[in-house]
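Topology and contacts: notes
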Amino acid sequence: MSDHPVLHVKGRVLAGPDDVRDELWVVGGRISYARPARAREVRTVEGWALPGLVDAHCHVGLGGHGPVEPDVAEKQALTDREAGALLLRDAGSPSDTRWIDDRDDLPKIVRAGRHIARTRRYLRGYAHEIEPEDLVAYVAREARRGDGWVKLVGDWIDREVGDLAPSWPRAAAEAAIAEAHRLGARVTAHCFAENSLRDLVESGIDCVEHATGLTDDLVPLFAERGVAIVPTLVNIATFPDLAAGGEAKFPRWSAHIRRLHARRYDTVRSAYDAGIPVFVGTDAGGSLPHGLVAAEVAELVTAGIPPLQALSATTWGARAWLGRPGLDEGAPADLVVYETDPRADVRVLAAPRRVVLNGKIVG
């Protein structure tokens, strides 16, 4: 108990979208809704409490040119923590970050192993680069290394075509996804383009990252199969700059990227309206800084998702999707306290009053 003084959180505790309580207690690093019988030291925090935020697409241990040193990965994780993101789905990293699991002051990570890409069809230094005949073996390898997820690169620029193109033949994707499921892992894929999506969804994929190519004819298929999307709108905001940089060499690709950017909000709103699960992810790591979770929630609201559902996409709903607890009795006390009601204005997420991780105030 000496390492974990009793913490009393009072005000409004948002245990669920329709479950608002007046207080909770943190005893031995875990949540309790019963006042402890004896407590020598009690610290009180007041405000609006949410479960620790989820960034369902980031990359701890990844830099602009590939893996980074542990001290840089630590700074990445600390930046997410200060932003209130206490549960991260690491959607592909070449670094071994298992050492973070031994640190109770760093966010919890759900890993998808290392990206699996087609040879010379992704960012250099990021992924296993292989051919389709090796896909099943590499998916099995990353399924065993990850935390229940595998990450494919579903499409990328094909230099011979001069535009985005699918990475994998359908038969290879079907076999690989089936193998991941056999091993108890879910599969997600980086997809910008339209023409990579149908084969992956019909092959049984569980999630699509970015999903900028989601068109009206594909929306019912995603909804029927329950395939989630993580739009990473703060990353899609960089598309105009990417297009400008590639226009001289790949004008077709650049024009395509601009079109995908122009309709990004309509794409996300159409997905939400159809009942497709939408979750918050920033794509931090690589080219984007960490700590952008609040900005991504605000982007979902801009796209037309109601504020309460945008909050769920980074709290209650996202945690349930990843199989991790929220503000449940007996759960690890990972929570963020805000000055005002985040349901009224999600922009308050950018200014946490207190961050509590494993029962300790860390920010």
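Since the model is a prediction, treat every value here as computed from it, not as a measurement. (Residues numbered from 1 in each chain as written. Predicted model: local features only at pLDDT ≥ 70, side-chain atom pairs only at ≥ 80, totals over all residues. Heavy atoms only, no water.)

Take the packing of aromatic side chains next. With the rule as written, the count across this model stands at six aromatic pairs. Here Tyr 122 and Trp 156 contribute two aromatic rings whose centre-to-centre distance is 4.8 Å and whose plane-to-plane angle is 75°, an arrangement assigned as edge-to-face. Placement of the pair is Tyr 122 in the loop between strand S10 (116–118) and strand S11 (128–130) and Trp 156 in strand S13 (residues 155–158), with a sequence separation of 34 residues. Here the aromatic cluster, defined as three or more aromatic residues joined through ring pairs, consists of Tyr 122, Tyr 126, Trp 156, Phe 192 and Phe 239. Across from the ring centre of Trp 149, 4.6 Å away, lies the NZ or CZ of Arg 89, which sits over that ring. A cation over a ring is seen here: Arg 264 above Tyr 265, with NZ or CZ 4.2 Å from the ring centre. (Phe/Tyr/Trp six-rings, centres within 6.5 Å; stacked < 30°, edge-to-face > 60°. Helix = DSSP H or I, 4+ residues; strand = E, 2+ residues; numbered from the N terminus. Lys NZ or Arg CZ within 6 Å of the ring centre and 35° of its normal.)

So, about the side chain of Glu 296. Residue position: Glu 296 is located in helix H10 (residues 293–302). For the buried residue Glu 296, which engages in no salt bridge, the nearest side chain bearing the opposite charge is Arg 264, 9.2 Å off. A distance of 3.4 Å separates the side chain of Glu 296 from the backbone nitrogen of Thr 232, its partner in a polar contact. Among all residues touching Glu 296, those that are not within four sequence positions of it are Pro 231, Thr 232, Leu 233, Val 234, Val 280, Gly 281 and Thr 282. (Buried < 20%, exposed > 50% of the residue type's maximum accessible area, 1.4 Å probe, protein only. Lys, Arg positive; Asp, Glu negative; His and termini not counted. Salt bridge = Lys/Arg side-chain N within 4 Å of Asp/Glu carboxyl O. Polar contact = N/O pair within 3.5 Å; in protein donor to acceptor, adjacent residues only side chain to side chain. Contact = heavy atoms within 4.5 Å.)

Chemically, a disulfide is nothing more than a covalent bond linking the sulfur atoms of two cysteines. Going through the model one piece at a time under the given rule, you end up with zero disulfides. Cys 191 takes part in no disulfide bond, and the closest cysteine sulfur, belonging to Cys 207, lies 9.7 Å away. Cys 207 sits in the buried class, given a relative accessible area of 0%. (Disulfide = S-S within 2.5 Å.)

This part covers the sheet that holds strand S9 (residues 108–111). With parallel pairing, three strands are arranged side by side in an open sheet as S5-S8-S9. Sheet topology places strand S5 (53–58) and S9 at the edges, where each strand pairs with a single neighbour. Put simply, the sheet's adjacent strands are angled 20° from each other on average, direction ignored. In this structure, S5 lies alongside strand S8 (residues 85–90), joined through four bridges in parallel fashion. In the strand pairing of S8, Cys 58 is matched with Asp 90. (Pairing = 2+ DSSP bridges. Axes fitted to C-alpha atoms, helices over the stretch in contact; angles between N-to-C directions.)

Summarising the model, the chain shows a mean pLDDT of 97, and 99% of its residues fall at 70 or more. Across the chain, the secondary-structure element scoring lowest on mean pLDDT is strand S7 (residues 66–67), at 95, and the one scoring highest is strand S17 (residues 228–230), at 99. (pLDDT = per-residue confidence, 0-100.)

We now examine the pairing of strand S19 (residues 354–357). In the sheet, strand S18 (residues 335–338) pairs with S19 via three bridges, with the strands oriented antiparallel. Opposite Val 337, over in S19, you have Arg 354 as the bridge partner. When S19 meets strand S20 (residues 360–361), the two strands line up antiparallel, connected through two bridges. Within the sheet, the bridge partner assigned to Val 356 lies in S20 and is Ile 361. The turn linking S19 back onto S20 is made up of two residues, and Asn 358 within it adopts a positive phi angle of 50°.

Located in the positive-phi region is Arg 120, a residue other than glycine, with phi close to 60°. Take Arg 120: it is sitting in the loop between S10 and S11. In the Ramachandran plot, Asp 283 falls in the positive-phi region, its phi being about 65° despite a non-glycine side chain. Considering the arrangement of structural elements, one finds Asp 283 in the loop between helix H9 (264–273) and H10.

Of the positions making up helix H7 (residues 239–246), those classed as buried are Phe 239, Ala 243 and Gly 246. Down the axis, H7 shows its buried residues gathered within 75° of arc, on one side only. Exposed residues on H7 whose side chains face more than 90 degrees from its buried face are Asp 241 and Gly 245. The secondary structure elements touched by the buried residues of H7 are helix H6 (233–236) and helix H8 (251–262). (Arc of directions from axis to C-beta.)

This part takes up the pattern of salt bridges. In the structure shown here, the tally under the stated rule is 28 salt bridges. The partner of Asp 101 in a salt bridge is Arg 98, and the shortest N-O contact between them spans 3.6 Å. Using a relative accessible area of 43% as the deciding quantity, one classes Asp 101 as partly exposed.

Attention now goes to the packing of H7 against H8. Axis separation between H7 and H8 bottoms out at 8 Å; the angle between their running directions is 170°. Looking at the two axes, H7 sits roughly antiparallel to H8. Only Pro 251, Trp 253, Ser 254, Ile 257, Arg 258, Leu 260 and His 261 of H8 make contact with H7, whose side of the interface consists of Phe 239, Pro 240, Leu 242, Ala 243, Ala 244 and Gly 246. Taken together, the residues of the contact of H7 with H8 break down into nine nonpolar, three polar and one charged. (Parallel < 35°, antiparallel > 145°, perpendicular 65-115°, else oblique. Nonpolar A, V, L, I, M, F, W, Y, C, P; charged D, E, K, R; others polar.)

Let's shift gears to the environment of Val 337. Mapped onto the fold, Val 337 is located in strand S18. Distance in space between the C-alpha atoms of Val 337 and Glu 23 is 12 Å, their sequence separation being 314 residues. Every residue in contact with Val 337, bar those within four places of it in the chain, is listed here: Val 9, Val 45, Glu 46, Gly 47, Trp 48, Ala 49, Pro 352, Arg 353 and Arg 354.

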